[in-house]
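Each chain is listed here by its residues.
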Amino acid sequence: PDDYYVARNGTITIYETPGDVDVFYVESNTNPGTWVYVAQLQRNAANLVQFPANGTGFARYGVVDAGGMDRATGENVGAGDHYLQPIVAAALFGLMNVLNNDHNFTVSMGDMSSENGSDPWQAGGRHHAGHGHNGNRTGQDIDFRYLNGNRVSFQSQTASTDAQFSLQNNQTIFDTAASFGFTTNYQGTNGQRMNNTTRARGHNDHGHLGFTRADATIIRHTVQVAPDGTRTWTRVP
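Residues numbered from 1 in each chain as written. Predicted model: local features only at pLDDT ≥ 70, side-chain atom pairs only at ≥ 80, totals over all residues. Heavy atoms only, no water.

What about the sheet that holds strand 4 (residues 35–42)?
Argument step 1. Strand order in this open sheet of six strands is 4-3-1-2-15-16, and the pairing throughout is mixed. Only two strands of the sheet have a single partner each, and these edge strands are strand 4 and strand 16 (231–235). When the angles between neighbouring strand axes are averaged without regard to direction, this sheet yields 20°.
Argument step 2. Note: strand 15 (residues 218–225) against strand 16, five bridges, orientation antiparallel. From the neighbouring strand, threonine 222 faces strand 16, where its bridge partner is threonine 234.
Argument step 3. Its contacts with the sheet put helix 1 (residues 86–103) on strand 1 (2–6), strand 2 (12–16), strand 3 (21–27), strand 4 and strand 15, and the angle it makes with strand 3 is roughly 25°. (Pairing = 2+ DSSP bridges. Helix = DSSP H or I, 4+ residues; strand = E, 2+ residues; numbered from the N terminus. Axes fitted to C-alpha atoms, helices over the stretch in contact; angles between N-to-C directions. Contact = heavy atoms within 4.5 Å.)

Here it is as structure tokens:
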């Protein structure tokens, strides 16, 4: 478990801590270099954390998938659909902080991974490909509904070509996301081409943010605990 300090420029500084709870802070928008507590989230058996359904500048959409054994694929799918690796949760908290405070965006987010890192699924549905199936990109991907001109996510099967779709606002999401390590991103096959994305089928009604660790700026410190309980941290090269 770790403490995560996410700067407005996208840098994520990590301090290793004892225990099983990750604590997240974002840089203040009014006092640079100071930190605002956001959340503490407990890791589960899959080393994932459940991202909150609501917070400043964000909300969720869609049903919560029940998971279960999919006999068609032989995969035991975990319950839920809002689970991320802690480093990805940190990056997402930082992104939402900047989007809300600098642009007054309210972003609705959908599927991430299930609690055991699988693609979200429940009986009668289909696996949401690309969100963790059989360990592929577990806890690294987030769907979001596109923004309209009022800076709010909206629901539409043809969102990318709707009149209310804001090219500028959605481009701002993808551009800002890149500084936090979200560079494996997808947009729909219809509508205008946006930078920092790849076109993909099934994304005309929502966008997709994918975290790429190699593209994130991460500074990590390990902890040493002395016999008297004193802690010291060493930056990892």
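Remarks on unusual backbone geometry
Argument step 1. One non-glycine residue, asparagine 47, adopts positive backbone phi at about 60°.
Argument step 2. With respect to the helices and strands, the residue asparagine 47 is situated in the loop between strand 4 and strand 5 (49–50).

Observations regarding the nonpolar core
Argument step 1. By size, the foremost hydrophobic cluster in this structure holds 43 residues, and its most contacted members are Phe51, Leu92, Leu95, Val107, Met109 and Phe182.
Argument step 2. The set of elements that each furnish at least two residues to this core consists of strand 1, strand 2, strand 3, strand 4, helix 1, strand 10 (107–109), strand 11 (141–144) and helix 2 (167–178).
Argument step 3. Element by element, the count of residues in this core is highest for helix 1, at eleven residues.
Argument step 4. Ignoring anything within four residues of it in the chain, the contact list for leucine 92 reads Phe51, Leu84, Met109, Met112, Ile142 and Phe182. (Core = buried A, V, L, I, M, F, W, Y, C linked by side-chain atoms within 4.5 Å. Buried < 20%, exposed > 50% of the residue type's maximum accessible area, 1.4 Å probe, protein only.)

Details of helix 2
Argument step 1. Counted at 1.5 Å a residue, the expected span for helix 2 with its twelve residues is 16 Å, and the 17 Å between its end C-alpha atoms agrees.
Argument step 2. Within helix 2, the full set of buried residues consists of Asn169, Asn170, Gln171, Thr172, Ile173, Phe174, Thr176 and Ala177.
Argument step 3. Summarising the contacts, the buried residues of helix 2 are in contact with helix 1, strand 10, strand 11, strand 12 (186–187) and strand 14 (207–210). (Expected span 1.5 Å × (residues − 1).)

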